[in-house]
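# Per-entry structural report
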Amino acid sequence: MRIPLAWPDWLIIGIYFSAVLVIGIYLRGRTRTGEDFFLAGRSCSAWVAGLSFIAANLGALELLGWAASAYEYGMLAAHAYWIAAIPAILFLALFMMPFYYVSRTHSVPGYLQLRFGERTRALSAVVFAILTILVAGINLYAMGLVLATMLGWNINFSIWFSSLTVGLYVTLGGLLSAIFNEVLQFFLIWFGSLIIPIVGLMAVGGWSQLVEKVPSAYMHLWATTAHYADNPMGIHWVGIVLGFGFVISFGYWTTDFLVVQRVFAARDLRSAQMAPVIGSFFKMALPLIVILPGLIGLAVLPKLGPGTAYSYNAVIPLLMQKYLGPGLLGLGITALIAGFMSGMAGNISAFATVWTYDIYRAYINRQASDARYVRMGRICTLLGVVASILTAYIAMGFPSIMDYMQALFSLFSAPIFGVVFIGMFWRRATGIGAFWGLLAGIATSVSQYALVEAKVLPVSWITFSPNASIMAANMWRAWWAWAATVVVIVVVSWRTAPMPAERLEGLVYGVTPMPRQEVVPWWQRPVAWAFVSLVCFIVLNVYFW
Amino acid sequence: MARGAIPIWLFVGVILAIYGIIVLIASIYVPEGHVVSSLGRHAGTAWGIVMMIVGGVLVLFFRR
């Protein structure tokens, strides 16, 4: 589906690529220390950290993939933005951020080292490094696919060109450059995407007409989930709440270093707590540019999916082609490219930090100078880009990159979340328990995935639904992996000697005095805005019930 | 953010304003060989103006 572009579109795309490189070059001289390169000097305001926090998440499939899911599953796809995001983001802000911040750790594996020791840190760092490279590869492949199908570029050229651009600006300016670009990308994503549903809705005849044209089963969040056979996802609400709303969501938003690293860059604890809260409002609004186009696609586009000319992923490109003229089209394509780049840059900068601090400094070269660590960070940013290019070709082999990505999260994020969660809130958890729990969680998810793929284990055994979709299987797998992690940690910890209380100070709830924060009016307090966010979340769920 | 660096908001403002101008011009003078619906042209014009205003406000507030 090649979209014919005019000169204004090419100009907009060209300016974008130039701008991200200019930002990288400009910031190169401002990243001298490790703290600058890996944590942006811990100097970001709450707004910058908050927008970057959301932009880093707006990667691979947020725009194309979830719009496709909205076309396939209707409003059920909006769970990804509400139940599977808001409670976890607010929990991170109010309950977990103080521990991350007080411990002054550089990364999530770094926290696990302080709490549980080297073995757990090593395992989680390796798992996390693999996860970031695989996810960066998905972003890259998705970006290459968009450039190839929409602009007619060769897919190999698209992948190399895009990855080298991202590699250059992250290598030059580190996290500072990534965050700077993410804020720009955030605005471009919104301005390039919001116009699609606005024009689409006007063309359909407004919201009421849209509701009439889309089948009723596609317009509800919860009403059709009392039985798995009543909804297009083939899932019961318990699966949504436990798998999506709890494990995958909390695992991603509270322990995935890709997003948490952005908050670590905040200048003080209040900013670090405020950043996710600010992000939660924008996350809640994202269905406007992702889910709504999917629903509009249901109303105005011919049938998509298997057996038709286009896959579900073509919803946004088809709507762009249908409604946007020269200029806006270039802006829309730039929004997609910006989304993919921010996702990839987020993963690459997180990979560079975890590799340098949690693998290189911890096990290979403990005595190096700060300048050497910065140089290592730059080198492994480039290595990460090359590895991502290779994994992009792995992603190419999967029929649905969306399912591939969710599978990765269920395989690796869920066990890490189990360890961090228990470590932060249960003082009796021990280092040996954490290590074996993490290993058991990963083994459970990987073996479940392999057995179901090999058709040895019926998917209904883990999902309680004979017609479970791949997404439903991912949600349930995440739940079982988390449960296995927690059970093993608890059992092993009870059978091993407890850790001395003085070692837990600053790391565990109940033995950590919270730092005193400056007294500010209520409207500047994270908890007040978190409450407002929670109320908005409840209202949206009730309205679209 | 980085000490002494140009505020990110200024960067964002400049880019938005430039994009707004391009979108506005492209919607008023549609390039030859491209057909755009009336709704698409209206949308482009309005969106270009909105981007110019938002970009202009950011530049105004964060200029050094």
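Up top you'll find the structure we're talking about.
Residues numbered from 1 in each chain as written. Chains lettered and ligands numbered in written order. Predicted model: local features only at pLDDT ≥ 70, side-chain atom pairs only at ≥ 80, totals over all residues. Heavy atoms only, no water.

### Let's talk about the overall build of chain A
If you tally the helices and strands in chain A, you get 23 helices and 0 strands. Its C-alpha atoms give chain A a radius of gyration of 22 Å, near enough to 24 Å, the size a compact globule of 545 residues would have. C-alpha atoms of chain A, sized along the principal axes, occupy 65 × 55 × 55 Å. Split into buried and exposed, the 545 residues of chain A put 65% on the buried side. Contacts spanning at least 24 positions in sequence make up 83% of the contacts within chain A whose residues lie at least 6 apart. For chain A, the exposed surface amounts to about 18700 Å²; the carbon and sulfur share of it is 68%. In chain A, 29 side chains carry a positive charge and 18 a negative one; their mean positions are 6 Å apart. (Helix = DSSP H or I, 4+ residues; strand = E, 2+ residues; numbered from the N terminus. Rg over C-alpha atoms; globule rule 2.2 N^0.38 Å. Buried < 20%, exposed > 50% of the residue type's maximum accessible area, 1.4 Å probe, protein only. Contact = heavy atoms within 4.5 Å. Areas by Shrake-Rupley, 256 points an atom, 1.4 Å probe, with all protein chains shown as cover. Lys, Arg positive; Asp, Glu negative; His and termini not counted. Charge placed at Lys NZ, Arg CZ, Asp CG, Glu CD.)

### Thoughts on helix H19 (residues 431-453) of chain A
Taking 1.5 Å per residue as the helical rise, H19 of chain A with its 23 residues ought to reach 33 Å, and the 33 Å between its terminal C-alpha atoms agrees with that figure. Regarding H19 of chain A, the residues found buried are Gly431, Gly433, Ala434, Phe435, Gly437, Leu438, Gly441, Ile442, Ser445, Gln448 and Val452 of chain A. (Expected span 1.5 Å × (residues − 1).)

### Digging into the environment of Met233 of chain A
All names here are of chain A. Among the secondary structure elements, Met233 is positioned in the loop between helix H10 (207-213) and helix H11 (237-255). Along the sequence, Met233 and Ile470 sit 237 residues apart, while their C-alpha atoms lie 8.8 Å from each other. Once residues lying within four places of it in the same chain are set aside, the contact partners of Met233 are Tyr73, Leu76, Ser469, Met471, Ala472 and Met475.

### A word on the packing of helix H5 (residues 86-103) of chain A against H11 of chain A
Residues and elements named next belong to chain A. Contact geometry of H5 with H11 gives a least axis separation of 9 Å together with a crossing angle of 45 degrees. It follows that H5 is oblique to H11 by the angle criterion. Crossing geometry of H5 relative to H11 is assigned as right-handed. Within the contact between the two elements, H5 uses Pro87, Ala88, Ile89, Phe91, Leu92, Met96 and Tyr100 and H11 uses Ser249, Phe250, Trp253, Thr254 and Thr255. Of the residues belonging to the contact of H5 with H11, the class tally is 9 nonpolar, 3 polar and no charged. (Axes fitted to C-alpha atoms, helices over the stretch in contact; angles between N-to-C directions. Parallel < 35°, antiparallel > 145°, perpendicular 65-115°, else oblique. Left-handed = near helix turned anticlockwise from the far one by under 90°. Nonpolar A, V, L, I, M, F, W, Y, C, P; charged D, E, K, R; others polar.)

### Describing the packing of helix H1 (residues 8-28) of chain B against helix H2 (residues 38-62) of chain B
In helix packing, the relevant descriptors are the interaxial angle and the interaxial distance, both defined with respect to the helix axes. Residues and elements named next belong to chain B. Where H1 contacts H2, the axes come no closer than 7 Å and their chain directions differ by 155 degrees. Here H1 is positioned roughly antiparallel relative to H2, judged by the angle of their axes. You can see that H1 and H2 cross each other, and the crossing is left-handed. Its residues placed into classes, the contact of H1 with H2 shows 18 nonpolar, 8 polar and 1 charged.

### So, H5 of chain A
Residues and elements named next belong to chain A. The end-to-end C-alpha separation of H5 is 25 Å, in line with the 26 Å expected for 18 residues at 1.5 Å each. At Met96, H5 is deflected by roughly 55 degrees, the largest bend along its length, and proline Pro98 occurs up to four residues later in sequence. Here H5 lies mainly inside the structure; 14 of its 18 residues are buried. Of the residues one or two after H5, Arg104 is the one with positive phi, at around 55 degrees. (Bend = angle between axes of the 7 residues up to and from the residue.)

### Describing the packing of aromatic side chains
Residue and element names in this part refer to chain A. Here the structure, examined in full by the defined rule, presents 36 aromatic pairs over all chains. Among the aromatic residues, those joined into a cluster by ring pairs are Phe91, Phe95, Phe250, Phe417, Phe421, Phe425, Trp479, Trp482 and Tyr509. Between the NZ or CZ atom of Arg119 and the centre of the ring of Phe435, over which it lies, the distance is 5.3 Å. The ring of Tyr373 has Arg361 lying over it, and the distance from NZ or CZ to the ring centre is 5.7 Å. (Phe/Tyr/Trp six-rings, centres within 6.5 Å; stacked < 30°, edge-to-face > 60°. Lys NZ or Arg CZ within 6 Å of the ring centre and 35° of its normal.)

### Focus: the interface of chain B and chain A
Opposite the 31 residues of chain B that make contact, chain A presents 40 residues. In total, chain B and chain A occlude about 3100 Å² of area from one another, counting both sides; carbon and sulfur atoms represent 84% of this. Counting the contacts that link chain B with chain A gives 0 salt bridges. If you look at where chain B meets chain A, you find 3 residue pairs in polar contact (both at pLDDT 80 or more). In terms of residue class, the side of chain B that touches chain A is built from 25 nonpolar, 5 polar and 1 charged. (Buried area = accessible area lost by both parts, 1.4 Å probe. Salt bridge = Lys/Arg side-chain N within 4 Å of Asp/Glu carboxyl O. Polar contact = N/O pair within 3.5 Å; in protein donor to acceptor, adjacent residues only side chain to side chain.)

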